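Architecture and fold: a report
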Amino acid sequence: MKPLTILWQRLVKEGQTCDRCGGTHLELQRAVERLQGLLAPLGFEPRLETKQIDEPAFHASPLESNRIWIAGVPMEDWLGARVGSSRCCAACGDSDCRTVSVDNLTFETIPAALIVKAALAAAAHEQAGR
């Protein structure tokens, strides 16, 4: 099976992350579980990788937190989504953090359904490129 890499990065401050990143982590786990069955017939296996962003990197570019790449491409590109921002919470301080908008719906926590949709688009693209 060929790996389909899903890379997710988020701010980790003193061992903690914000609620939206914590929620996205749970959604990523659900998505990977679903994708195992959906991608197997296409010859792919989902592989979740996580990366921590420290405070200086976060403050330099807060929209890099809670960001997902699938097969090396930003998730929003697979979905035709827009990236925005909104006020976050404790771990992020007063920073505005990443949101993703698809079909006039804005998400702070990235739902499993969007991750699955983007991963299937990436797998179809990879499949066509063979």
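Residues numbered from 1 in each chain as written. Predicted model: local features only at pLDDT ≥ 70, side-chain atom pairs only at ≥ 80, totals over all residues. Heavy atoms only, no water.

**Looking at the environment of His25**
Structurally, His25 can be placed in helix H1 (residues 19-39). Considered as a pair, His25 and Ser61 are 36 residues apart in the sequence and their alpha carbons are 20 Å apart. (Helix = DSSP H or I, 4+ residues; strand = E, 2+ residues; numbered from the N terminus.)

**Topic: the sheet that holds strand S3 (residues 67-70)**
Here 4 strands make up an open sheet; going across it, the order is S2-S1-S3-S4 and the pairing mixed. For this open sheet the edge positions go to strand S2 (44-53) and strand S4 (73-74), each flanked by a neighbour on one side alone. Examined bridge by bridge, strand S1 (residues 2-11) and S3 share 4 bridges and lie antiparallel to one another. Its bridge partner being in S3, Ile6 is matched across the sheet by Ile70. Docked against the sheet, H1 engages S1, S2 and S3, running at close to 175° with respect to S1. The sheet strands contacting helix H4 (residues 112-128) are S1, S2 and S3, and the helix crosses S3 at an angle near 25°. (Pairing = 2+ DSSP bridges. Contact = heavy atoms within 4.5 Å. Axes fitted to C-alpha atoms, helices over the stretch in contact; angles between N-to-C directions.)

**Things to note about the nonpolar core**
Leu4, Ile68, Ile70 and Met75 are the most contacted members of the largest nonpolar core, which totals 34 residues. Contributions of two or more residues to this core are made by S1, H1, S2, S3, helix H3 (75-79), strand S6 (96-102) and H4. By residue number, the principal contributor to this core is H4, which donates 8 residues. (Core = buried A, V, L, I, M, F, W, Y, C linked by side-chain atoms within 4.5 Å. Buried < 20%, exposed > 50% of the residue type's maximum accessible area, 1.4 Å probe, protein only.)

**Looking at the pattern of salt bridges**
For the structure shown, the criterion picks out 7 salt bridges. For Arg20, the salt bridge is made with Glu108, and the minimal N-O distance between the two is 3.3 Å. Of this pair, Arg20 sits in helix H1 while Glu108 sits in the loop between strand S7 (105-107) and H4, placing them 88 residues apart in sequence. Arg67 serves as the salt-bridge partner of Glu64, at 2.9 Å between the closest nitrogen and oxygen. By relative accessible area, Glu64 is classed as partly exposed at 24%. Residue classification places Arg67 among the buried positions, given a relative accessible area of 14%. Sharing partners across several salt bridges, the network here consists of Glu64, Arg67, Glu76 and Arg98. (Salt bridge = Lys/Arg side-chain N within 4 Å of Asp/Glu carboxyl O.)

**Remarks on the sheet that holds strand S5 (residues 82-87)**
The strand order S5-S6-S7 describes an open sheet built from 3 strands, whose pairing is antiparallel. At either end of the open sheet lies a strand with only one pairing partner, and these are S5 and S7. Here the strands of the sheet are splayed against their neighbours by 40° on average, with no regard to which way each runs. Judged from the 6 bridges that link them, S5 and S6 form a sheet pairing that is antiparallel. If you follow Arg82 over to S6, its bridge partner there is Ser101.

**Quick word on H1**
The first and last C-alpha atoms of H1 sit 29 Å apart over 21 residues, in line with the 30 Å expected at 1.5 Å per residue. By the burial criterion, the buried members of H1 are Arg20, Cys21, Gly23, Thr24, Glu27, Leu28, Ala31, Val32, Leu35 and Leu39. Taken together, the buried residues of H1 touch S1, S2, S3, S5, S6 and H4. (Expected span 1.5 Å × (residues − 1).)

**Some remarks on the environment of Thr99**
Structurally, Thr99 can be placed in strand S6. Of the residues examined, Thr99 reaches a relative accessible area of 4% and is grouped as buried. With 60 residues separating them in the primary sequence, Thr99 and Leu39 have C-alpha atoms 27 Å apart. Other than its neighbours up to four places away in sequence, Thr99 contacts Arg20, Arg82, Val83, Gly84, Ser85, Ser86, Thr106, Phe107 and Glu108. A distance of 3.2 Å separates a polar atom in the side chain of Thr99 from the backbone nitrogen of Ser85. (Polar contact = N/O pair within 3.5 Å; in protein donor to acceptor, adjacent residues only side chain to side chain.)

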